[in-house]
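# Descriptive structure summary
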Amino acid sequence: MVSEFRKKKILYLFKIMCNAESNSTAEKKDYDASVAYILNILRKEKNSKFLKDIEEGAAMVWEGLSSGRDKINAEEWINVWDTGKSELLEWQKMHCKVNFLMQDLAGDGVVDEEEFVRFHVALGMSAEVTKGAFQKMSQGKPKVTWEDFERLYKEYLQSEDKIAPGNYVFGSTKLFM
Ligand SMILES: [Ca+2]
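Residues numbered from 1 in each chain as written. Predicted model: local features only at pLDDT ≥ 70, side-chain atom pairs only at ≥ 80, totals over all residues.

### Focus: the overall build of the protein chain
- Summing up its helical and strand segments, the protein chain has eight helices and four strands in all.
- Reading the secondary structure of the protein chain in the N-to-C direction produces α-β-α-α-β-α-α-β-α-α-β-α.
- The C-alpha radius of gyration computed for the protein chain amounts to 15 Å, which stays within 12% of the reference 16 Å derived for 177 residues, consistent with globular compactness.
- Overall, the protein chain is about 40 × 35 × 30 Å in size when its C-alpha atoms are taken along their principal axes.
- Taking all 177 residues of the protein chain together, 28% fall into the buried category.
- Considering only residue pairs separated by 6 or more positions, the protein chain has 57% of its internal contacts joining residues 24 or more positions apart. (Helix = DSSP H or I, 4+ residues; strand = E, 2+ residues; numbered from the N terminus. Rg over C-alpha atoms; globule rule 2.2 N^0.38 Å. Buried ≥ 20, exposed ≤ 12 C-beta atoms within 10 Å, placed from the backbone. Contact = placed C-beta atoms within 7 Å.)

### With respect to the packing of helix α6 (residues 113-122) against helix α7 (residues 127-138)
- Where α6 contacts α7, the two axes come as close as 9 Å, and the packing angle between them is 140°. In terms of orientation, α6 lies oblique with respect to α7. Handedness of the α6/α7 crossing: right-handed. On α7, the residues that touch Glu113, Phe116, Val117, His120 and Val121 of α6 are Ala127, Thr130, Lys131 and Phe134. (Axes fitted to C-alpha atoms, helices over the stretch in contact; angles between N-to-C directions. Parallel < 35°, antiparallel > 145°, perpendicular 65-115°, else oblique. Left-handed = near helix turned anticlockwise from the far one by under 90°.)

### Re the nonpolar core
- Of all hydrophobic cores here, the largest spans 36 residues; its most connected members are Phe14, Met137, Tyr153 and Val169.
- Put simply, the parts of the chain that give this core at least two residues each are α1 (4-18), α2 (28-42), α3 (48-66), α4 (74-81), α5 (90-103), α6, α7 and α8 (146-158). (Core = buried A, V, L, I, M, F, W, Y, C linked by C-beta atoms within 7 Å.)

### Some words on the UniProt feature "domain: EF-hand" (unreviewed entry) in the protein chain
- Cross-referencing UniProt, the feature "domain: EF-hand" (unreviewed entry) maps to residues 91-126 in the present numbering.
- In residues 91-126, helix accounts for 64% and strand for 8%; the two terminal C-alpha atoms are 29 Å from one another. (UniProt positions renumbered as here; feature names shortened; annotations may be inferred.)

### Section: α1
- Look at α1: 20 Å from first C-alpha to last across 15 residues, which is about the 21 Å you get at 1.5 Å a residue.
- For α1, the complete set of buried residues consists of Lys9, Ile10, Phe14, Met17 and Cys18. Each buried residue of α1 sits inside an arc of 155° when the element is viewed along its axis, so together they form one side.
- Buried-residue contacts for α1 involve β1 (25-27), α2, α4 and α8.
- After α1 finishes, the residue Asn19 shows a positive phi value of roughly 55°. (Expected span 1.5 Å × (residues − 1). Arc of directions from axis to C-beta.)

### Quick word on the packing of α1 against α4
- Two elements in contact, α1 and α4, have axes whose closest approach is 10 Å; the angle formed by their N-to-C orientations is 115°. Judged by the inter-axis angle, α1 sits roughly perpendicular to α4. α1 and α4 meet at a crossing whose hand is right-handed. Contacts between α1 and α4 involve Lys7, Ile10, Leu11 and Phe14 from the first element and Ala74, Trp77, Ile78 and Trp81 from the second.
- Partitioning the contact of α1 with α4 into residue classes produces seven nonpolar, no polar and one charged. (Nonpolar A, V, L, I, M, F, W, Y, C, P; charged D, E, K, R; others polar.)

### Re the environment of Lys8
- Mapping Lys8 onto the fold places it in helix α1.
- Lys8 sits 70 residues away from Ile78 along the chain, and the two C-alpha atoms are 9.2 Å apart.
- In this structure Lys8 touches Leu175 and Phe176, once residues within four positions along its chain are discounted.

### Comments concerning the environment of Glu63
- Within the secondary structure layout, Glu63 lies in helix α3.
- Taking the C-alpha atoms as reference, Glu63 lies 9.4 Å from Lys28; in sequence the two are 35 residues apart.

### Concerning the environment of Asn23
- In this structure, Asn23 sits in the loop between α1 and β1.
- Each C-alpha atom, one on Asn23 and one on Ala74, is 5.2 Å from the other, the two residues being 51 residues apart in sequence.

So, in structure tokens, the structure goes:
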């Protein structure tokens, strides 16, 4: 049984990935619209090969989490994310990878505070909130490596700890803290 805290974290992803509210149903077109929105932001900084890789990765994530269906409701969403295993599913690994790549705007293999803030501000979050989130997530380090990010991402999905650094990996925690 998934705890209320983890349920809220998983539903926050429902919101940011599909623009869907708890207890509603998300359609593939909602998800695709969110992906298109982000690609449009990244278009200013990234080349078309990069955008294509992100688009394909994002499509794989939907395919995996929806089992190829066109819609998914909130309850199903929680169930597919809450696997009860410590190992990530293939589509979760891809989701993690896509998120890291999108944030590493300079493409140097690490996400620094400036990149993290710039990305999340472009998505509509406040600079102050995301700056604080980066500090908590990186535990004061100036940069987050891929290995750090993967660990933090897993923590986001799996940890019951309200002060776990991984809770900050998606920029804002206001909907579940
Ligand atoms: Ca970087």
